[in-house]
Amino acid sequence: MGPSDRAREPEFVGWDGPLLPRAAERLVAGAAGPTDLGDLLVAVPGARAGRTLLAHLSDAARRRGWAGFLPPRVLTQGRLVDELLVLESPTADRTTRTLSWERALRASGRGVLPRIVASPPADSDRSAWWRIAESLRSLHGELAPWGLDFADVLRVLGERGDAPASELRRWESLARVQAVWRERMDAIGLDDPHEARIAALREGRVQAHARVVLVGVVDMNALLRQALEQLREPPRVITFAPPEAAEGFDALGCLVPRQWADADVDLPLGRWHVVDGPDDQARAAVALIAREGGPERAGDLSLGVLDEEIAPYLKRRLGASGVRARDAAGSPFDRTAPARLLAALEDLSRTFAAEELASLVRHPDIERVLAPTLDHDPVARLDAFRQSRLPRRMRPDAPDVPADAARREDVEPLHVALDARIGPLGSGRPRPLATLCGAVRAFLERVYGNHPLLDPSAEGSGASLAAALELIGAALAALERVPAAVAGDVDPASGLALVLRTAASIGPIPDPPARDDEPVVEMLGWLELQLDDAPHLVVAGVDEGRVPASGEGDRFLPDRVRSMLGVEDEARRLARDVYTVTALLASQERVDFVSGRRTRDGDPLFPSRIAFFADDVAARVAHALQPKGFEPIERGERPAESDLPPLFPDPSPPEAFAVTSFKAYIESPLLFHLRRVRRLETVDDRALEMDPLVFGTVAHEVLERFGRGGPTTSTDPVEIEDFLGEELDRVRAELFPASVLPAVPLQLEQLRLRFASFALWQAASAAEGWRIREVEWAPAAEDDDAPRGCTRLDMGEGEDPAWIRGTIDRIEQNAETGLWRVLDYKTSHKSADPESVHRSKGAWRDLQLPLYAHMVRPLVGAGVVPALGYVNLPGDGSEVACRLVGGANGWSAADVGDALDRAREIVRAVRRGDVHDPKSLRRLAPIEEELLGVGLVREPEAPVDEEVVT
């Protein structure tokens, strides 16, 4: 005889207030004394509800004046099954079961796998095999509590007769894999806990004498139901509903789905707030909290967060208001520093791509342990190497990366220091799983062994870091217990992936507990809300697909199949969520629901269908179609000069001025100060090809070699082109590793095409009598005090001279006429006119070429203005353009003198510290925008009115 025949009636406690304190009072009131509850098993839907119930039981016992109160065992309904059933054999942990499923998949034959997954992985890709194995373990774990296995699903589908042949073949293959899996589990002498429970129930191994109380349990699987039916004393059921709702519950207090499918939900429009994006949902929630006066202490108000995308916005908004948002479920393990570190090492071990090495070195904990062992900044050195050498891979012992390229002097110390910490994890060689776990543990000890946050005497809290390391330690211990026959040898990348998966499955990182005097808002999940005690509740993310949760996309168990099997389907989920909304509206002092209309990426959202379970559907549709919005966040224009952050000029202006720096000052004195005086620069490690600087460096290196040792007097373009091509190959081998980014060879071929055009121009130039005198020329020191490679610029009586620094690409003289030309190579697609580049409406905006004329006086003679110009090497194979100013028909000595006077003005301004900008700032790097406050996010001037969310 089961509980349906002899069970006591469920106790309906009504919706006059929170369930848990009243359930505690009922349990204490019905007990004979302080020890009478000690042998009870009290089941609740979740662990948080269990902790809260225990606290209420303790308060109720204290009010009764009980001394030596012995509380019952309060546990989740999932743990209740394990308390009621007696398992005979040891059971395998989750990781052992997953690896056993992998072995079963591999042993079932390659013909089986294509029926289960669309794209079977390569044999060597263990991570992909594990993902499939995890999906099968989860599928088995979902079906087993209902007393089903894969063969049962195949039988039910076959009996219905309308299942597609492909679906039947899939379940036939799944059943075959499950049979092999059972053989593997038998071979290692361990039971699957799900199947062990089924066996215990079938064989009557049930703790039939147990006294059980169900509190707020409105749904349960078949396994728990059958275990409860074998108890000698039927469970006591305390149901969160009024007696008039009894038809909606069965004898065990579980929902009857058909009774809730058409129920009206009295959701007042004033408590349902439809807004636009996730930040609007966060703003609405904060405004609603503020309207209630805000939480004065922990427990005053709870916040339901049904969409993880909203959580960061809520934490930021609440934090700005001085309220801490505490996630009751904890923080995901994969967001912790140790998890990110292991993930970065996994990525590096898998590919040894240059960007993966950069990601690992950038991890603050790796940088912290590397920096003391190096005489340079490891991140800056690696960025510089990547930007100039553009490697695709950076594994020194890889066959396609020569050691002299990957371990050249500028990054070899970094490799050595990193290898000393990574150890065997950087080799790529498979090892036994237990051995690999030891290597991971040793790596973490080298990184975190002396971490300041783990010092008990240190300021601040290292609780999150310590908890993450404890999770990893537990995962390593679990993996080391996996039988070798199941685990096999594992490569480092796959092993690290397994460590991360195992740690994440053990549990999240708990948020620090709330203090009684601290303004805290608890962030709860949907299933925790109905048993929460806070008097005020705001629920964000009440959108379709989350309330009710969507079952779409389940490739194995779509809703049609779930309904056939009698397992949890959409009807059950809808009934549970309709009941939850109804209970919240009836029992809470104040509850508000917030829905959004779009995701962070702009994808549309639709409010939960439950909001429309009422007679006034038209009014609700209109309400949903007119989301209330907040004033948009504006990006500010450039702030007034007085609003800029204080930037004090360097008391020591530069000793020498580069010829290109004068243009920088003319464009922006402030940016000149940041870039040329303070030497601030933006470093970007995301290069996928040679940037203009590196591209120009390669071109200039080849042309310099041509000018110093090439056929400079030849009039044969083929001879010139051959020389340039050979030198380009040499420069490529010297500058770049063999495993270079894919775009680089294409760019080098583009450069080869430019050199072909240059060869034609060079041959014609030589035929005209032009002879190269200097390449990459810098002036010799004029005296002992002169900086190297600089020319003096006299400033006038009583002023210290300025020094002008520059390197000229090419200086040549005509053998017939004796005329001089000073040329600057350009690799832009469009030929530039040096006159328009340097002057506009008579005003100087660049001083490079006139300063070159000043610098070459020792070569060409005082008072002589050589021809000055650009030699542009086009990228489309067209003719090289040589565009000149100066000489007989160009700039005069007076023009050059005028440019020198402008240079003196700029030098004096820099020495005075005149760095403020009279003009708008242009072409700023992102970091410069942040530094200067340009484009900061600005709140609307007017405060958000409460009407926005009502």
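You'll find the structure just up there.
This one's a predicted model, so the numbers in the text were calculated from it and none came from an experiment. (Residues numbered from 1 in each chain as written. Predicted model: local features only at pLDDT ≥ 70, side-chain atom pairs only at ≥ 80, totals over all residues. Heavy atoms only, no water.)

Trainee: I keep staring at the sheet that holds strand β13 (residues 590-595) and nothing clicks. Help me out?
Mentor: Across the sheet, six strands lie side by side as β6-β13-β12-β7-β11-β8; this open sheet has parallel pairing. Pairing within the sheet leaves two strands with one partner each, and these edge strands are β6 (272-274) and β8 (324-327). For this sheet the average axis-to-axis angle between neighbouring strands, irrespective of direction, equals 25°. Where strand β7 (residues 301-305) lies against strand β11 (residues 520-524), three bridges are found, and the strand directions are parallel. (Pairing = 2+ DSSP bridges. Helix = DSSP H or I, 4+ residues; strand = E, 2+ residues; numbered from the N terminus. Axes fitted to C-alpha atoms, helices over the stretch in contact; angles between N-to-C directions.)

Trainee: Looking at this structure, I do not really get the sheet that holds strand β17 (residues 790-793). What am I missing?
Mentor: What links the strands of a sheet is backbone hydrogen bonding, and the strands pair in either a parallel or an antiparallel sense. Taken together, three strands build an open sheet; the order of strands is β15-β18-β17 and the sheet is mixed. Each edge of the open sheet carries a strand with a single partner, namely β15 (656-658) and β17. Within this sheet the neighbouring strands show an average axis-to-axis angle of 35°, counted without direction. As judged from the four bridges shared by β17 and strand β18 (residues 802-805), these two strands associate in the antiparallel manner.

Trainee: Would you mind showing me how to read the pairing of β11 here?
Mentor: The side chains of a regular strand alternate, residue by residue, between the two faces of the sheet. In terms of burial, β11 is largely enclosed, as five of its five residues are buried. The alternating pattern of β11 places Val520, Glu522 and Leu524 on one face and Val521 and Met523 on the opposite face, and all of these are buried. In terms of strand pairing, β8 meets β11 through four bridges, oriented parallel. Each residue of the ladder has a partner; that of Asp327, found in β11, is Met523. (Buried < 20%, exposed > 50% of the residue type's maximum accessible area, 1.4 Å probe, protein only.)

Trainee: Is there a simple way to think about empty space enclosed by the protein in this case?
Mentor: In this approach the atoms are scanned with a rolling probe the size of a water molecule, which exposes any empty space left behind. Here the structure, examined in full by the defined rule, presents six cavities of 30 Å³ or more. For the largest cavity, the calculated volume is near 70 Å³. In this structure, the largest cavity is lined by Arg94, Thr95, Thr98, Glu134, Arg137, Leu498, Arg501, Thr502 and Ser505. Secondary structure elements with two or more residues in the lining of the largest cavity: α5 (94-107), α7 (126-143) and α24 (492-506). Its residues placed into classes, the lining of the largest cavity shows one nonpolar, four polar and four charged. In terms of lining, the second largest cavity is formed by Asp383, Arg386, Gln387, Leu390, Pro391, Asp684, Asp685, Ala687 and Leu741. In terms of residue class, the lining of the second largest cavity is made up of four nonpolar, one polar and four charged. (1 Å grid on protein atoms, 1.4 Å probe; cavity = no way out; pocket = protein on both sides within 12 Å on 5 of 7 lines; lining within 4 Å. Points joined across faces, edges and corners; volume = space filled by probe spheres on them. Nonpolar A, V, L, I, M, F, W, Y, C, P; charged D, E, K, R; others polar.)

Trainee: Explanation requested: the packing of α5 against α7 in the structure shown.
Mentor: Two quantities define a packed helix pair, namely the angle between the helix axes and the distance between the axes. Where α5 contacts α7, the two axes come as close as 8 Å, and the packing angle between them is 110°. Relative to α7, α5 is oriented roughly perpendicular. Contacts from Arg94, Arg97, Thr98, Leu99, Trp101, Glu102, Leu105 and Arg106 in α5 reach Arg126, Trp129, Trp130, Ile132, Ala133, Glu134, Leu136, Arg137 and His140 in α7. Within the contact of α5 with α7, the residues separate by chemical class into eight nonpolar, two polar and seven charged. (Parallel < 35°, antiparallel > 145°, perpendicular 65-115°, else oblique. Contact = heavy atoms within 4.5 Å.)

Trainee: Would you mind going over the packing of aromatic side chains with me for this structure?
Mentor: Given two aromatic rings, their pairing is described by the distance between the two centres and the angle made by the two planes. According to the stated counting rule, one finds 17 aromatic pairs in the structure shown. Their ring planes at 85° and their centres at 5.7 Å tell us that Phe249 and Tyr579 sit as a pair that is edge-to-face. Remark: Tyr579 occurs in helix α27 (residues 570-587) and Phe249 occurs in the loop between β5 (236-239) and α12 (257-261); sequence separation between them is 330 residues. Given the relative accessible area of 7%, Phe249 is considered buried. An aromatic cluster of three or more residues is present, and its members are Trp101, Phe150, Trp171, Trp181 and Phe556. It is Arg106 that lies over the ring of Trp129; its NZ or CZ is 4.4 Å from the centre. Residue placement shows Arg839 over the ring face of Trp844; its charged tip is 4.8 Å from the ring centre. (Phe/Tyr/Trp six-rings, centres within 6.5 Å; stacked < 30°, edge-to-face > 60°. Lys NZ or Arg CZ within 6 Å of the ring centre and 35° of its normal.)

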